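A closer look at the structure
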2 protein chains.
Amino acid sequence: MADVPNREPCASPLDLFNSIAAQGELVRTLKAEKASKDEIDSAVKMLLSLKMSYKAAMGEDYKADCPPRNATPESNSGPDATEASEDFVDPWTVRTSSAKGIDYDKLIVQFGSSKIDKELINRIERATGQRPHRFLRRGIFFSHRDMNQVLDAYENKKPFYLYTGRGPSSEAMHVGHLIPFIFTKWLQDVFNVPLVVQMSDDEKYLWKDLSLDQAYSYTIENAKDIIACGFDINKTFIFSDLEYMGMSSGFYKNVVKIQKHVTFNQVKGIFGFTDSDCIGKISFPAIQAAPSFSNSFPQIFQDKTDIQCLIPCAIDQDPYFRMTRDVAPRIGYPKPALLHSTFFPALQGAQTKMSASDPNSSIFLTDTAKQIKTKVNKHAFSGGRDTVEEHRQFGGNCDVDVSFMYLTFFLEDDDRLEQIRKDYSSGAMLTGELKKTLIDVLQPLIAEHQARRKEVTDEMVKEFMTPRQLTFHFQSFCFDT
Amino acid sequence: MADVPNREPCASPLDLFNSIAAQGELVRTLKAEKASKDEIDSAVKMLLSLKMSYKAAMGEDYKADCPPRNATPESNSGPDATEASEDFVDPWTVRTSSAKGIDYDKLIVQFGSSKIDKELINRIERATGQRPHRFLRRGIFFSHRDMNQVLDAYENKKPFYLYTGRGPSSEAMHVGHLIPFIFTKWLQDVFNVPLVVQMSDDEKYLWKDLSLDQAYSYTIENAKDIIACGFDINKTFIFSDLEYMGMSSGFYKNVVKIQKHVTFNQVKGIFGFTDSDCIGKISFPAIQAAPSFSNSFPQIFQDKTDIQCLIPCAIDQDPYFRMTRDVAPRIGYPKPALLHSTFFPALQGAQTKMSASDPNSSIFLTDTAKQIKTKVNKHAFSGGRDTVEEHRQFGGNCDVDVSFMYLTFFLEDDDRLEQIRKDYSSGAMLTGELKKTLIDVLQPLIAEHQARRKEVTDEMVKEFMTPRQLTFHFQSFCFDT
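Our subject in this report is the structure included herewith.

About the thresholds
Residues numbered from 1 in each chain as written. Chains lettered and ligands numbered in written order. Predicted model: local features only at pLDDT ≥ 70, side-chain atom pairs only at ≥ 80, totals over all residues. Heavy atoms only, no water. Helix = DSSP H or I, 4+ residues; strand = E, 2+ residues; numbered from the N terminus. Buried < 20%, exposed > 50% of the residue type's maximum accessible area, 1.4 Å probe, protein only. Areas by Shrake-Rupley, 256 points an atom, 1.4 Å probe, with all protein chains shown as cover. Salt bridge = Lys/Arg side-chain N within 4 Å of Asp/Glu carboxyl O. Contact = heavy atoms within 4.5 Å. Pairing = 2+ DSSP bridges. Least-squares fit on C-alpha atoms with pLDDT ≥ 70 in both. Axes fitted to C-alpha atoms, helices over the stretch in contact; angles between N-to-C directions.

**What about the overall build of chain A?**
For chain A, the helix and strand inventory stands at 21 helices and 11 strands. Residue burial in chain A is summarised as follows: out of 481 residues, 58% are buried. As displayed, chain A has an accessible area near 19700 Å², and 49% of this comes from carbon and sulfur atoms.

Written out as structure tokens, the structure is:
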């Protein structure tokens, strides 16, 4: 999946204006042609979402026949805006001016998704009979689309499958990259469902200065780290786009179907592509969308087109799947459901996502115990006070303290986490002690990951990446054909 | 390959202006980055070609910083121009106001290709030891790119391969569709080289109101007509894009490589795509380009990237391959060579290409002897005079007579053709007699095609369409790997 920073920031107001005009035209055409309700609804939703983006960029409502004046592109929006008070999130850029990080409640409104509330978490607990994962308990997976529909299906003993992915941009993965995989493994375990993992090496080849061979070699290296998360080989298919496109009788067909139903205007509006972008980038969103449809994997689902897909991912990937959900009813497929996570903060603070190219911005999966200790002590942004005296008197700020944030991700014990929050906030716990606690959690976690990764053989990678049947929970899912 | 008529006519002057500006920028960047000579040359050629298109559309030279005034798009160019004095040719539209058809000499200048002259024809004769095909003798294949390079390679016992294709837009093929295949079969026979035939069913799905299954079924039906032309099963691979993309370890990789090196600005300039086009159309040119590179067919050429490709096709397909030749050096592959044919005229006259959707516009491969007779007598545009008396006195005009044109395509005997030309021009031969001669040539030709097609079994189609090793002339080509 995409996490490339070096592209044009976002669509200009004029581009957006034109996209809205074109989308309005589409809505009128669909209505005139008496298209299905689903299809019209999807197109209208897309129109509304484009109008919202326009308003955010221009500070005023879209008015037909009144194009934006005097082209002041990106003056009020986009990641480069210097005085931006709004957060900005798309697959390539995440920026906020707040040390607490992105305002996720606002993002839910902006993206039109739903909050994962107590009620939904309770329902997951009832359905699976398992205690909800700490990522759910602590709001790290905080937003969803249609998760209730997935649970309806599950409770009716209908199958679903998981889809997540990774854009293999380098050999090095950091702990933040593991978040979706740790959670997906838990989902796989508690629901007992198959999982497909897309390694979008084609995307990395298109966006970065890489050869095809390099991109594919990163796929293999990253796959080892993913496998080391403990996925069940009988229920997991990991695939390289570059390789699987030439091995599947279903994948390319779905890619072409999606590509027929998305215009350049639309991807321009959603992803901010420009006329200078290569046609590979412009058509790539269809390739990230296609695994949302079960017949992209005939070896697993045969020609079934109606198996519900559930996608756990960081919320910056949502634009791809908003597009996918827009297209789905128009090509006769169910919309994928989604579970969105917050971003894993950089050691330097929650204002930005981490960068795989800056070794000090995070803990890497290859770091030694010593490196982990040094990085946390030296680089983890602290919410503590300037002096021990002040700290004891006023207490630290857990909301901006990166070590504390990391503990919310990795310390399993709720009570202990709460105690640390109290003690650090009151000043009873000093920054050095907090950092020591994090180091004590991270060192064995990374060491154990490294030990598991060492046991991942080339043969295992090959087997995970071989298109084949997978096993499922529901007997009804063993097709008779 | 593309022959769809229903799209926006061509790039607007403003689009072209912007494309030129972007291409100019690319040239400057390449020079600044000290790119290879080949790469810079390609980009400069593309720039010149865009500037020529601009001049043709606007009647004046491109001037930087002086965008076209007051947007009068397509006023002087494009297929919809009512007073167009210039011919217009692109993959979707061929239009001329002259009953003699397109001015092909002008087209050679416009496209920057080379004329197939007597000297080149003699060289082909010397190299193959075979009498040149009537399509060469009569200027039906009239233009080329780098054919001398192919012959150099051949004379040095280096291998090359043929690539042609068909866009399966319906079950029905007409005699005009056979022209590239008849000629390609001859090339295969005299040079003894492998051939790949692309059935671009993905393209037809994207451009037309077809399902994937329909498009694929047209592939199979059309493949039978192609096989009936007599191709050697040991030297010919026919492939459906929809099917082969999922069967080849090389095809998609080349598609992505090409897609990385072509921008939306470029395809806009070359093919006239607009922002309202779907992303499938926008990225399709890479799929027509990819078979020009030998490692798209690992089962035939293994991982060899340097086998020269020769593409026989109608000249309206040239824009795809100009783009391909522009990209080739930038991804380390040889440029494909081309042989271009003129268009096969509609029965109604040479002003237009035929349409598969108008049964009276041509002779179809499914026509009965009686239908052929009726169509020729009733619909073939005649160069004869209004009365027999006038005809005897002034003679007919072979330059606009469609029956005579068809004879130049299908009557093998040069002397007899010349005699007919003389007799009809002098008035010694009447229109009815000329038409009778054509009917006598076409009826057995179609009947024999139908008989051969009947013998094409499903198993044969399957074998032609199975990725496999092919046999070659040159021993040096049996790789030792």
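**Quick notes on the pattern of salt bridges**
Tallying each qualifying case throughout the model produces 48 salt bridges over all chains. Several salt bridges share partner residues, and in doing so they unite R131, R134, R137, R138, E412 and D414 of chain A into one network.

**Details of the environment of R145 of chain B**
Residues and elements named next belong to chain B. Among the structural elements, R145 can be located in strand β4 (residues 141-145). Judged by its relative accessible area of 8%, R145 falls in the buried class. Taking the C-alpha atoms as reference points, R145 and L339, 194 residues apart in sequence, are found 6.7 Å from one another. Those residues within four positions of R145 in sequence are excluded, and the remaining contacts are F111, G112, S113, D318, R322, R325, A337, L338 and H340.

**Section: the pairing of strand β7 (residues 236-240) of chain B**
Residue and element names in this part refer to chain B. The element β7 is largely enclosed, with a buried count of five among its five residues. The alternating pattern of β7 places T236, I238 and S240 and F237 and F239 on opposite faces, both of which are buried. With five bridges joining them, strand β6 (residues 195-199) and β7 adopt parallel strand pairing. Looking at the pairing, Q198 lines up with F239 of β7.

**Focus on the relation of the copies chain A and chain B**
The operation relating the two chain copies consists of a rotation about an axis and a shift along that axis. Between the two copies, chain A and chain B, the superposition gives an RMSD of 0.1 Å; the rotation angle is 180° and the shift along the axis is 0.0 Å. This pairing of chains is accounted for by a two-fold axis. The rotation axis passes nearest to the C-alpha of G246 of chain A in chain A, at a distance of 2.0 Å. Of the residues that chain A buries at the interface, 100% are likewise interface residues in chain B, meaning the two copies contact each other through the same surface.

**Structural notes on the sheet that holds strand β9 (residues 337-341) of chain A**
Residue and element names in this part refer to chain A. Across the sheet, seven strands lie side by side as β3-β4-β9-β8-β5-β6-β7; this open sheet has mixed pairing. Two strands lie at the open edges of the sheet, namely β3 (114-115) and β7 (236-240), each paired on one side alone. The pairing of strand β5 (residues 160-166) with strand β6 (residues 195-199) spans five bridges and is parallel. The residue of β6 that forms the bridge with Y163 is V196. Along the sheet face, helix α3 (residues 104-111) touches β3 and β4 (141-145) and points at about 10° away from the line of β4. Where helix α7 (residues 175-191) meets the sheet, it contacts β4, β5, β6, β7, β8 (308-314) and β9, and its direction lies at approximately 165° from that of β5.

**Brief notes about the sheet that holds β6 of chain B**
All names here are of chain B. With mixed pairing, the seven strands of this open sheet are ordered in space as β3-β4-β9-β8-β5-β6-β7. Each end of this open sheet is capped by a strand with a single partner; those strands are β3 (114-115) and β7. Sheet analysis places strand β8 (residues 308-314) next to strand β9 (residues 337-341), joined by five bridges and oriented parallel. Bridge assignment links C313 to a residue of β9, and that residue is H340.

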